[in-house]
Amino acid sequence: MTYPDGPLPGPAPDQESMFDGAALTYARHRPGLPEAAVRLLAGTLRGRPSPVLLDLGTGTGQVPFALLSAGAALTHIEVVDVSQQMLHQARQALQPVLGHCTLTPVHAAADAYEPLATLPGEPDCGPDLITFCRSYHWMNGEAVLEMADRVATPGAAVAIMGDGSLWTHDAAWTRALRELIQRYLGAGRRAGARRSHAEPRRSYEEDLADSAFNDVTEHLFPVTRAWAPQEVLGYLRTTSFAAPELFAERHQAFEDEALALLHAQAVDGSLVEDAMFRVLLARRPEGAR
């Protein structure tokens, strides 16, 4: 099984500039994590003496924010992203909830990450939990999982998670919206300014099966979201398939038409998305490092 969003073949050359432009809108309009998924992640840290989180492709820091807000006793967090503006948004969001936890933002591609921080008295401390939330599909899976094996502590967990997008969600209003986007941008799904979406060559499970983290369990969390039409427009501005720069001078015309379409499709002012948030929780087999 693959994620509906599907992994793309390696980092996009325009990835940093695309997400830089979307950082503030992303912070306002991207959905967070379901509470049950946060509890699952927090459970992997129980019993760890000084829990450390490494969040790869952190965006605006949704994963560490959710864990800290849920009371996870993290001692150190490293957030990694290719976008400086995303890291700035993550830092702004996390500072008020850090408490005694320390934070290191790292401006890098995930597969090029090398630990920058050590904890006092624990020079070999690595992450106990490594997370990819709606980000793994931008990465070189083999390279990033090799890196994870190199830096993670014994008994560490890796969590690859996400819930598709409004492009992949199948409802009357999302189909109509997708058709409108295609009318402006062409039939193929865009993945930033310089390329089109590519179907995955391998599933996430296959990547994990060939990695050190091949003890994998799947966890599914149904999520129902009610979107207001204006919220959908905000969300679209954060995506690789409907970002403003893809429309150039026609973006305002697209948004005007999209808003009219969404109002027509809304029921009592809301557009319902029934999504499935999926977590692949992976560890090294028992007895491995």
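Residues numbered from 1 in each chain as written. Predicted model: local features only at pLDDT ≥ 70, side-chain atom pairs only at ≥ 80, totals over all residues. Heavy atoms only, no water.

Draft legend 1. Highlighting the overall build of the chain. What the chain contains, in helices and strands, is 10 helices and 7 strands. Taken across its 289 residues, the chain has 55% of its residues classed as buried. Taking all contacts inside the chain whose residues are at least 6 apart in sequence as the whole, residues at least 24 apart take part in 84%. Split by element, the accessible area of the chain, about 12,800 Å² in all, is 50% carbon and sulfur. (Helix = DSSP H or I, 4+ residues; strand = E, 2+ residues; numbered from the N terminus. Buried < 20%, exposed > 50% of the residue type's maximum accessible area, 1.4 Å probe, protein only. Contact = heavy atoms within 4.5 Å. Areas by Shrake-Rupley, 256 points an atom, 1.4 Å probe, with all protein chains shown as cover.)

Draft legend 2. Here's a closer look at helix 5 (residues 141-151). Of all the positions in helix 5, only Gly 141, Val 144, Leu 145, Met 147, Ala 148 and Val 151 are classed as buried. The buried residues of helix 5 occupy an angular sector of 155 degrees when the element is viewed end-on, so they sit on one face. On its buried side, helix 5 packs onto strand 1 (52-56), strand 4 (129-133), strand 5 (157-162) and helix 7 (204-209). Among the residues of helix 5, the N-terminal cap falls to Asn 140, whose side-chain oxygen and the backbone nitrogen of Glu 142 are separated by 3.3 Å. (Arc of directions from axis to C-beta. Polar contact = N/O pair within 3.5 Å; in protein donor to acceptor, adjacent residues only side chain to side chain.)

Draft legend 3. Representation of the pattern of salt bridges within the structure. Applying the stated criterion across every chain, the model contains 13 salt bridges. For the salt bridge of Arg 48 with Asp 128, the shortest nitrogen-to-oxygen distance reads 2.9 Å. Taken together, the positions of Arg 48 in the loop between helix 2 (35-43) and strand 1 and Asp 128 in the loop between strand 3 (102-107) and strand 4 put the pair 80 residues apart, joining distant regions of the chain. For the salt bridge of Glu 273 with Arg 225, the shortest nitrogen-to-oxygen distance reads 3.1 Å. A residue pair is termed long-range when its members are at least 10 positions apart, and Glu 273 in strand 7 (residues 271-283) and Arg 225 in strand 6 (residues 215-227) qualify at 48 residues. Each member of the pair, Glu 273 as well as Arg 225, is classed as buried. (Salt bridge = Lys/Arg side-chain N within 4 Å of Asp/Glu carboxyl O.)

Draft legend 4. Structural view of the packing of aromatic side chains. In total, this model carries 7 aromatic pairs according to the counting rule given. Taken together, a centroid distance of 5.5 Å and an interplanar angle of 75 degrees make the contact between Tyr 184 and Phe 254 edge-to-face. Here Tyr 184 is found in helix 6 (residues 172-185), whereas its partner Phe 254 is found in helix 10 (residues 251-265), with 70 residues between them in sequence. Three or more aromatic residues joined by ring pairs form one cluster here, namely Phe 132, Tyr 136 and Tyr 204. (Phe/Tyr/Trp six-rings, centres within 6.5 Å; stacked < 30°, edge-to-face > 60°.)

Draft legend 5. Representation of the nonpolar core. By size, the foremost hydrophobic cluster in this structure holds 31 residues, and its most contacted members are Leu 67, Leu 74, Ile 77, Met 161 and Phe 277. Residue assignment for this core shows that the elements contributing at least two residues are helix 2, helix 3 (62-69), strand 2 (76-81), helix 4 (84-94), strand 4, strand 5, strand 6 and strand 7. Ranked by the residues each element gives to this core, the list is headed by helix 2, at 5 residues. Ignoring sequence-local partners within four residues, the contact set of Leu 74 consists of Leu 45, Pro 51, Val 52, Leu 53, Leu 67, Leu 68 and Cys 101. Grouped together as the second largest cluster of nonpolar side chains are 26 residues, Trp 173, Phe 241, Ala 258 and Leu 262 included. (Core = buried A, V, L, I, M, F, W, Y, C linked by side-chain atoms within 4.5 Å.)

Draft legend 6. Structural detail: the packing of helix 2 against helix 3. Closest axis-to-axis distance for the helix 2/helix 3 pair is 10 Å, and the angle between their directions is 80 degrees. Judged by the angle between their axes, helix 2 and helix 3 are roughly perpendicular. In this structure, helix 2 uses Val 38, Leu 41 and Ala 42 to contact helix 3, whose residues at the interface are Val 63, Ala 66 and Leu 67. Residues belonging to the contact of helix 2 with helix 3 are distributed by class as follows: 6 nonpolar, no polar and no charged. (Axes fitted to C-alpha atoms, helices over the stretch in contact; angles between N-to-C directions. Parallel < 35°, antiparallel > 145°, perpendicular 65-115°, else oblique. Nonpolar A, V, L, I, M, F, W, Y, C, P; charged D, E, K, R; others polar.)

Draft legend 7. Spatial organisation of the confidence of the model for the chain. Per-residue confidence for the chain gives a mean pLDDT of 88; residues scoring 70 or more make up 85%. The low-confidence segment residues 1-18, where pLDDT is below 50, has 69 contacts with residues more than four positions distant or belonging to other chains. Note that residues 117-121 has pLDDT below 50 and, in this model, 9 contacts with residues that lie over four places away or in other chains. (pLDDT = per-residue confidence, 0-100.)

Draft legend 8. Expanded view of the sheet that holds strand 1. Ordered in space as 3-2-1-4-5-7-6, the 7 strands form an open sheet in which the pairing is mixed. Two strands bound the open sheet, and with one partner strand each, they are strand 3 and strand 6. Across the sheet, the axes of successive neighbouring strands diverge by a mean angle of 15 degrees, strand direction being ignored. Here 3 bridges tie strand 1 to strand 4, and the two strands are oriented parallel to one another. Of the residues in strand 4, the one forming a bridge with Asp 55 is Thr 131. (Pairing = 2+ DSSP bridges.)

Draft legend 9. Broad picture of the pairing of strand 3. As defined by bridge partners, strand 2 adjoins strand 3 across 6 bridges and the pair is classed as parallel. Within strand 3, the position partnered with Asp 81 by the bridge is His 107. Between the parallel elements strand 2 and strand 3, the chain passes through helix 4 in a crossover that is right-handed. (Right-handed = clockwise from strand over helix to strand, strands pointing away.)

Draft legend 10. Seen up close, unusual backbone geometry. Positive phi is not limited to glycine here, since Arg 134 has a value of about 55 degrees. One non-glycine residue, Ala 248, lies in the positive phi region at around 55 degrees.

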